[in-house]
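Structural description and commentary
These are the residues of each chain, in order.
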Amino acid sequence: MRSSPLAATLLAVALAGVLVTEPASAQAPPAPTTTAPPAEAAVLAQQRDNLTKQLAELDQTIAQVTTQRDEARDTINATNKRLPENEGEQKATADARQLPLRAREQLAVDLYVRGDPRGRQYLDSLATGQFTLDPLRNAVLFTAAEQDATRQVAELDAKGAQLREEHSKLEKDRDAATQAEASAKTQLTDLNAKKNTLTAQLAEVEKSLRRAEANASGDPLAGTPLRQHRPALAVKIDNHPDARPQSGLNQADIVFEELVEGGITRFVAIFHSTDADPVGPVRSGRTSDLVILTNLNRALFGSSGGNSGVLDELRQTNLASVIENDAPSAYYRENSRDAPHNLYTRTAALYAANPGNAGEPPHMFNFLGAGEPVSSGRPVRSITVRVGNDTVEWSWIDGGWQRIVNGTPEADAAGLAIRPINLIVQFTNYGVSAADANSPEAQALGSGPVWVLSGARLTEGTWVRPKPESVTQYLDSTGADIRLSPGRTWIALAPPGRATVNG
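Residues numbered from 1 in each chain as written. Predicted model: local features only at pLDDT ≥ 70, side-chain atom pairs only at ≥ 80, totals over all residues. Heavy atoms only, no water.

1. Structural notes on the overall build of the protein chain
The secondary structure content of the protein chain amounts to 7 helices and 20 strands. Entry remark: accessible area of the protein chain is about 25,300 Å², with carbon and sulfur atoms responsible for 53%. (Helix = DSSP H or I, 4+ residues; strand = E, 2+ residues; numbered from the N terminus. Areas by Shrake-Rupley, 256 points an atom, 1.4 Å probe, with all protein chains shown as cover.)

Spelled out as structure tokens, the structure:
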């Protein structure tokens, strides 16, 4: 067969070592955008600064209210001390008021008893109002005694009135101070509660900032060199025995295993650094997914749908839907498999269906540097975990954690072993889903024990996630982030007590 001139030309170019560009119609899809959004570290630094400013202002307010409370307490103490003194002085004044009157009467009686005519004359004068003996002198004596008594009584009455007025004011001051102290105490309780909340938020932001700064040049989910800026994409993957082997699990940066009905588990595969074609089998979502994924800054979420309750919650949560209901062209049925375990998709198709309101994910872990060995924790070669009915052994083999299900090493549909470099056993309670009374829901908010396995070592610690938008922190006994090796991470949401170290 003779070659055409075009074929000869292409051959000559190839032999010359020059790369030939395919015609436009045959070119691969353009690479994902690499335009960086606002740096996560810069956003977190601004949040830190805002929280620090709020805390400083709050401390000033707390100091002012504390001063008001202390002043009120001082007033209460002073009035409580003065009130008994005042009451004693009032009694002494009332008692003293009788003294001048008694003294005047006693003078007349003494004169009378001694037979002094002045005494008799004085008493007679008092009795009859008639002064018969030296009336001028007796009038002067009586008037002086009367005036002296009246003056003293008037002075004592005035003092008594002042003391009563002071007593009334002291009681009013004490009542006002008591109310002021109670109000200050209430304010301080509220202000300190707010301070505790802000302090916790600041600690969380600072941890996230350290994580973002430490991994600024790495992929936010995998820690490997950053290749592209785009949203995270989460896809719900079937794990029924008839669905195995699955596709796409080895390309996902993070895979969550969660419990669903009947002791079966399903996976949430989260993609960012790489793509996968195909991905599946895809199954329906659960409310656990909505809890797990709401800290990814509005990730894309793909599934075969869900019941009406799940879909209603999906519309209200912080996720961008690319489920089959909303993006049917992104999914297809694989004829070599039986339904319902035959629905598949491609990450490129789901990214193309992005409704436009998804954001780039935060840094989910604190990764070790390239080539930096794992130094924390104790050496472990194998553990067993039971999220659902399956007994899953994880063994450290060839630089990764090999997944062995019911005694059989697991591989994907391409025959590649399921062997992530990091494994996290996040001990998680399950409640009942509000969307389906038969469906368990992972309680992935709050805190609990965690096992973090990386580099053939196990570190036991605590997972902490105070609110839905918070990145889950995996902390060691000192409260520091447990650092992971760059690469893929599997997270088993295992009920407490359902994991053991083998040997």
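Right, picking up where we left off after that structure.
2. Structural notes on empty space enclosed by the protein
Using the criterion set out here, one finds 3 cavities of 30 Å³ or more in the structure. Approximately 110 Å³ is the volume attributed to the largest cavity. Along its surface, the largest cavity is lined by 14 residues, and F256, N295, M364, T472 and Y474 are the ones closest to its centre. A breakdown of the residues in the lining of the largest cavity according to their chemical character gives 10 nonpolar, 3 polar and 1 charged. In this model, the second largest cavity occupies a volume close to 60 Å³. Considering the residues around the second largest cavity, the lining is formed by R211, M364, F365, N366, T472, Q473, Y474, D481, I482 and L484. (1 Å grid on protein atoms, 1.4 Å probe; cavity = no way out; pocket = protein on both sides within 12 Å on 5 of 7 lines; lining within 4 Å. Points joined across faces, edges and corners; volume = space filled by probe spheres on them. Nonpolar A, V, L, I, M, F, W, Y, C, P; charged D, E, K, R; others polar.)

3. Structural notes on the pairing of strand 9 (residues 382-385)
Neither face of strand 9 is open: one carries S382 and T384, the other I383 and V385, and all of them are buried. With 4 bridges joining them, strand 9 and strand 10 (residues 392-397) adopt antiparallel strand pairing. Paired with S382 across the strands is S395, a residue of strand 10. Hairpin connection of strand 9 to strand 10: 6 residues between the antiparallel strands. Where strand 9 and strand 20 (residues 499-501) come together, 3 bridges link them in antiparallel fashion. Counterpart to I383 in the pairing with strand 20 is V501. (Buried < 20%, exposed > 50% of the residue type's maximum accessible area, 1.4 Å probe, protein only. Pairing = 2+ DSSP bridges.)

4. Some words on the side chain of T472
Within the secondary structure, T472 sits in the loop between strand 17 (457-465) and strand 18 (473-475). For T472, a relative accessible area of 10% corresponds to the buried category. Once residues lying within four places of it in the same chain are set aside, the contact partners of T472 are N295, M364, Q426, W463, V464 and R465. (Contact = heavy atoms within 4.5 Å.)

5. Regarding the nonpolar core
Counting residues in each nonpolar core, the largest one holds 43 residues, and the members touching the most others are I383, V385, V425 and L453. If you look at the next biggest cluster of nonpolar residues, it comprises 31 residues, including L290, M364, V452 and W463. (Core = buried A, V, L, I, M, F, W, Y, C linked by side-chain atoms within 4.5 Å.)

6. Remarks on the pattern of salt bridges
For the structure shown, the criterion picks out 26 salt bridges. Among the salt bridges present, the one from K185 reaches E181, with a minimum N-O distance of 3.9 Å. Here K185 and its partner E181 are both found in helix 4 (residues 135-214), 4 residues apart, which amounts to about one turn of the helix. A salt bridge links E258 to K236, with the nearest nitrogen and oxygen atoms 2.9 Å apart. Of this pair, E258 sits in strand 2 (residues 254-259) while K236 sits in strand 1 (residues 233-237), and the two are 22 residues apart along the sequence. (Salt bridge = Lys/Arg side-chain N within 4 Å of Asp/Glu carboxyl O.)

7. What about the pairing of strand 1?
The element strand 1 is extensively covered by neighbouring structure, given that 5 of its 5 residues are classed as buried. The alternating pattern of strand 1 places L233, V235 and I237 and A234 and K236 on opposite faces, both of which are buried. Two elements, strand 1 and strand 4 (residues 299-302), share 3 bridges in a ladder whose sense is parallel. Paired with L233 across the bridge in strand 4 is L300.

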